[in-house]
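# Secondary and tertiary structure notes
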Amino acid sequence: MTTYRPIDKMSLLTTSHYKMLLVMARFGISLGFGDKTIDEVCIENGVDTNTFLAVVDLILDRDEKNDFSNRQISVNELVCYLQNSHSFFLGFRFKTIRTELEKIMNNDNNELSKAVLHYFDEYVLEVKKHMEYEEKMLFPYIRQLLDNKPDSNYNVNIFAKQHSQVEKRLNEFKSLIIKYYPIKSSNELNSVLFDIFACEEDLASHNAIEDRLLVPLVRNLEGTVVKRWEH
Amino acid sequence: MIKSIKIAIAEPSVVISRGLSTILKKIHGFHTDIFEISDFEALKKVSISQIPDILLINPTFLFVQGIQNFKKQYINNKTKFIALQTSLFSSFIIREFDEVITIFDDEEKIKQTITDLFELPDREQEINALSQREKEVVSEVVKGLTNKQIADKLYLSVHTVTTHRRNIAAKLQIHSTAGLTIYAISNKLI
């Protein structure tokens, strides 16, 4: 895997991969960094460079064989990143897609368009539940671990076992529209389909970050905290 | 219906495995998910965690552990086991595999080998995907009836209704009532 280094220019990374714009936003890094290196920009914005690069590398290449176990990742910053990412999906991404859909569907306003909106709403509700579970159970549990107060009733394996791939149903939704929604090719419809494609990809990355960066990290943490308690 | 298949390529040479995966990605009618594997540890990991539909493997990978041993321990019954021949192997090795691809096969031959393993349905069949009975089941599901209620209404057993629903989901690749509703309205089933 080709990985980015702390001494690479931030502008090189961001202009080569447009998806990085989302990553920057979630880490709270502002644009306008000129020719500064990744490390410099991260330090300026109070972001841990290694955590930033681990997220970047995973998003750029989700191939299973890439190993992230040796990365120095800050659990705290990763959790913040994931929370920001949740607010992005629930507070922005799904809302804009809903508005775009509504615009197209309201012009038709028939049984089919109602069914399409219903499907989408049901889906968003499902993702919301999925993310709220993480916010209410997983993240507080991790914070307690970080504070050295492990909760013996929960562990990260409980999360890992039931963690579902929420992007799958978005894929189904997209093909349902393409296959069964008869509409003359319209710019508005294409635009919302593009957004759904991008959102699906983004959700898949988001899940990969949880499964491949966060879960192993918390497992390690559980090991050390529990050991400390036993001594 | 577009199928999604997971293919794992176990081959120490990245030049060969990358080349193969380029060819495999071009097979029509499939979404391919390809895992390139270059060492034994990764092979064990992917075999267990991903359960690939196809494992395309350079037999030399298995000489240490023994082919039969490896198959017993790591390979699920549904995984097609294909030898990737980079040099000549004796027939008692080759007969452990479901198929053989050699590095001198051309693109067409490789694609053919893969599609033959999965017997892609022809296009005619795809268009008439649902049987009349299945269509009836769809329209009742969409109305919100339970399997029991559908069974009573159509004079079927609950078991048959469940089977119909499973087949419908597989044929249409739709796994929710909300999705079936869209399908049913669009196809004027309700």
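Computed from a predicted model, the values in this text were never measured in an experiment.

Our next topic: the interface of chain A and chain B. Listed as interface residues are 12 residues of chain A and, on the opposing side, 14 residues of chain B. For the side of chain A that touches chain B, the secondary structure elements donating two or more residues are α6 (111–146) and α8 (167–180) of chain A. Looking at the side of chain A that touches chain B element by element, the count peaks at 7 residues for α6(A). Across the side of chain A that touches chain B, the residue classes tally to 6 nonpolar, 1 polar and 5 charged.

Considered domain by domain, chain B is made up of domain 1 (3–120) and domain 2 (128–186). Placing a centre on the C-alpha atoms of domain 1 of chain B and another on those of domain 2 of chain B gives a separation of 37 Å.

Take the domain arrangement of chain A next. Residues and elements named next belong to chain A. The domains assigned to chain A are domain 1 (1–73) and domain 2 (75–230). Computed over C-alpha atoms only, the centres of domain 1 and domain 2 are separated by 22 Å. Contact with domain 1, which involves 14 residues of that partner, is made by 15 residues of domain 2. Secondary structure elements with two or more residues in the side of domain 1 that touches domain 2: α2 (20–27) and α4 (49–60). In terms of residues, the side of domain 1 that touches domain 2 owes the most to one element, α4, which gives 5 residues.

Quick notes on the rules
- Residues numbered from 1 in each chain as written.
- Chains lettered and ligands numbered in written order.
- Predicted model: local features only at pLDDT ≥ 70, side-chain atom pairs only at ≥ 80, totals over all residues.
- Contact = placed C-beta atoms within 7 Å.
- Helix = DSSP H or I, 4+ residues; strand = E, 2+ residues; numbered from the N terminus.
- Nonpolar A, V, L, I, M, F, W, Y, C, P; charged D, E, K, R; others polar.
- Domains from an automatic or database assignment.

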